[in-house]
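Per-entry structural report
Below, each chain spelled out in residue letters.
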Amino acid sequence: QVRLVESGGGLVQPGGTLRLSCEVSGIDLNSYAIGWFRQAPGKEREGVSCISEVGSTYVQDAVKDRFTISRDMFKTTVYLDMNSLKPEDTAVYSCAADTNYLRVCFQVRDDYDYWGQGTQVTVSA
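Description of the structure in this document. Quantities reported herein were computed from a predicted structural model and do not represent experimental measurements.

Right, let's talk about the nonpolar core for a bit. Counting residues in each nonpolar core, the largest one holds 27 residues, and the members touching the most others are I34, W36, L80, M82 and Y93. Breaking this core down by element, the ones donating at least two residues are β3 (18-25), β4 (33-39), β5 (46-51), β7 (67-72), β8 (77-82), β9 (91-98) and β11 (119-123). Every residue in contact with M82, bar those within four places of it in the chain, is listed here: G16, T17, L18, L20, R66, F67, Y93 and V121. In this structure, A33, C50, C105 and Y112 belong to the second largest nonpolar core, which totals seven residues.

Given below as structure tokens:
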């Protein structure tokens, strides 16, 4: 059974830091790219960052000076470190897995192989 479980979201003040985790089970991270996506109320889902099956990373231009993606192969977890958070970062953050890194890293789709359930990030004073 394949599972992607996000955690680490919550309420944080502007300028704060959060680390989101996407714990993956049932698939091999050597074969799947993992992407982080977010969707704010009333807005379309957007891609935030991704890491390919060979470890190449991509981060959306709008957040690349504040967000970092990494993975722990032993823990089979992909992390999204978010610094200097802004109110406009408020959204539900979800991770997705797909064998095609181009789909994960350069597109925003509903039909990835697997999705997590999402975690809420709220940036507010």
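Let's shift gears to unusual backbone geometry. Although it is not a glycine, S84 sits at a positive phi angle of roughly 50°. Checked against the element boundaries, S84 lands in the loop between β8 and β9.

Here we come to the sheet that holds strand β1 (residues 3-7). Strand order across the open sheet formed by four strands is β1-β3-β8-β7, with antiparallel pairing between neighbours. Of all strands in the sheet, those with a lone pairing partner are β1 and β7, marking the two edges. The average angle at which neighbouring strand axes cross in this sheet is 15°, direction not considered. Bridge analysis of β7 against β8 gives six bridges, and the strand direction is antiparallel. Paired with I69 across the bridge in β8 is L80.

About the thresholds
Residues numbered from 1 in each chain as written. Predicted model: local features only at pLDDT ≥ 70, side-chain atom pairs only at ≥ 80, totals over all residues. Heavy atoms only, no water. Core = buried A, V, L, I, M, F, W, Y, C linked by side-chain atoms within 4.5 Å. Buried < 20%, exposed > 50% of the residue type's maximum accessible area, 1.4 Å probe, protein only. Helix = DSSP H or I, 4+ residues; strand = E, 2+ residues; numbered from the N terminus. Contact = heavy atoms within 4.5 Å. Pairing = 2+ DSSP bridges. Axes fitted to C-alpha atoms, helices over the stretch in contact; angles between N-to-C directions.

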